[in-house]
Amino acid sequence: MKNTVSGNFPAAARIGIGGPVGSGKTALIERLIPALEGRGIGVAVVTNDLVTREDAERLKASGLINPNKVRAVETGACPHTAIREDPTLNIQAADELVNLFPRTGIVIIESGGDNLASTFSLDLVDYWLFVIDAAGGDDIPRKKGPGIVRSDLLVINKTDLAPYVGSDLEQMKVDAIEVRGDRPIVLTNCASGDGIEAIIDHLSQSVLFDA
Amino acid sequence: MRTLTNIIGYSTDHDISGQLHALSYDDRVEYLLLNREDTHRHRLRVTTDKGTDCAIALDRETNLEDGSVLSLDDDGAIVVRMKQEQWLNFKPRDAAAALELGYFAGNLHWRVRFIDGVLGVAIEGPEKFYLDRLASHVSSGLIEIVANE
Ligand SMILES: Nc1nc2c(ncn2[C@@H]2O[C@H](COP(=O)(O)OP(=O)(O)O)[C@@H](O)[C@H]2O)c(=O)[nH]1
Ligand SMILES: [Mg+2]
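Predicted model, so just to flag it, every value in this text is computed and none were measured.

**Considerations on the nonpolar core**
Core analysis: the largest hydrophobic core is formed by 44 residues, its most contacted members being A:I132, A:L154 and B:W110. With 4 residues, the top contributor of residues to this core is helix 3 (residues 88-100) of chain A. Ignoring anything within four residues of it in the chain, the contact list for B:W110 reads B:F104, B:A105, B:V121, B:F129, B:Y130, B:R133 and B:L134. Within the second largest apolar cluster, 32 residues are counted, among which are A:A13, A:V70, A:L129 and A:V207.

Spelled out as structure tokens, the structure:
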């Protein structure tokens, strides 16, 4: 038998968070960490940055998580390659974190963020979220990028900013449902924490099994 | 919720196939119908054909396959069955159309196969998604959709 980690399960869950740069992926992780830890689920994070370690440094300095539980993968030019075609570096980083912290229940992997076409390899993660910015234009779901269509959970973030740029949230939701069928969608405001519990509920149901 | 954390064996294993056969007389073999994509996951929540809610959590080295047996005792068994893959096949009009189609499919990271000058695209989501993306290529005659052989 292998080492038993993460409670009653043989391995920690791994989830991916993708989406364009600036859509709020790191902000979402900053909300998820306390919410998950509050439910007794140990969190570790792998970030993917183009050339810097900015996201990792930001999380390490946040006070939300033991800095040793955060790893940065530097992806170089093409961030989506590291989460799809060749996820080796990310798999290694996640393995290392789980070995160091055997009570980890979930490893969150943040993509470097590129365009709407990025998807996660299911060899790397068990479940993935795609975060879009409601203030980035309400036509985003209509563009039908693979992230929007195929992610396990679509997160429409920055709902608080939608009114300021004339984005029609209802229309975004309708368009997203149209392209996603019955795959779920959650609206969030990471500035206030609205919608975070709904995301946790989806994670509980689909990968954490703690409900 | 039934929690399933390892693969006991395969439905083709000699001993197991005998047990499954015996259980099947009482209709006590349940199947988890999965698409190819889902078999890559190490955690997933799925319902069997008989309605049992299953939470699967495997270690990172174990992979689900067609015929993986996740539970087996005198009362019943739970077995993975992989869904038949669906393909959309596109035939380009000429070399220029083929280049364009290849570039397009690659850019969208579609999983493809090539058979006798026909590009097959694995349907991993709503079929409409693929057809919408190629609608103008089809209507302009650059490519045509051909039936599965
Ligand atoms: N008002 C508002 N700002 C947000 C929200 N989510 C993220 N932001 C801000 O948007 C910027 C980009 O967020 P970040 O998490 O770094 O995006 P990432 O590149 O996807 O990781 C930061 O300044 C965040 O504080 C939100 O829901 N509402
Ligand atoms: Mg970030």
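So, next bit.
**Points about the side chain of A:D152**
With respect to the helices and strands, A:D152 occurs in the loop between helix 4 (146-150) and strand 6 (153-157). Here A:D152 falls in the buried class, since its relative accessible area comes to 10%. Excluding residues that lie within four positions of it along the chain, A:D152 makes contacts with A:D126, A:Y127, A:W128, A:R180, A:R183, A:P184 and B:R41.

**Re the interface of chain B and chain A**
Taken together, the 27 residues of chain B in the interface contact 35 residues of chain A. Taken over both partners, the interface formed by chain B and chain A buries close to 2,500 Å², and the fraction arising from carbon and sulfur atoms is 50%. Of all the elements in the fold, those that place two or more residues in the side of chain B that touches chain A are strand 4 (43-47), strand 5 (53-57) and helix 3 (127-133) of chain B. If one sorts the elements of the side of chain B that touches chain A by residue count, helix 3 of chain B sits on top with 5 residues. Its residues assigned to classes, the side of chain B that touches chain A comprises 10 nonpolar, 6 polar and 11 charged.

**A look at unusual backbone geometry**
With a phi close to 55°, A:F209 is a non-glycine residue in the positive phi region. With respect to the helices, strands and loops of the structure, A:F209 is situated in the segment after helix 7 (196-208). A positive phi is found at B:D27, a non-glycine position, where the angle reads about 60°. In this fold, B:D27 is placed in the loop between helix 1 (14-25) and strand 3 (29-34).

Rules used throughout
- Residues numbered from 1 in each chain as written.
- Chains lettered and ligands numbered in written order.
- Predicted model: local features only at pLDDT ≥ 70, side-chain atom pairs only at ≥ 80, totals over all residues.
- Heavy atoms only, no water.
- Core = buried A, V, L, I, M, F, W, Y, C linked by side-chain atoms within 4.5 Å.
- Buried < 20%, exposed > 50% of the residue type's maximum accessible area, 1.4 Å probe, protein only.
- Helix = DSSP H or I, 4+ residues; strand = E, 2+ residues; numbered from the N terminus.
- Contact = heavy atoms within 4.5 Å.
- Buried area = accessible area lost by both parts, 1.4 Å probe.
- Nonpolar A, V, L, I, M, F, W, Y, C, P; charged D, E, K, R; others polar.

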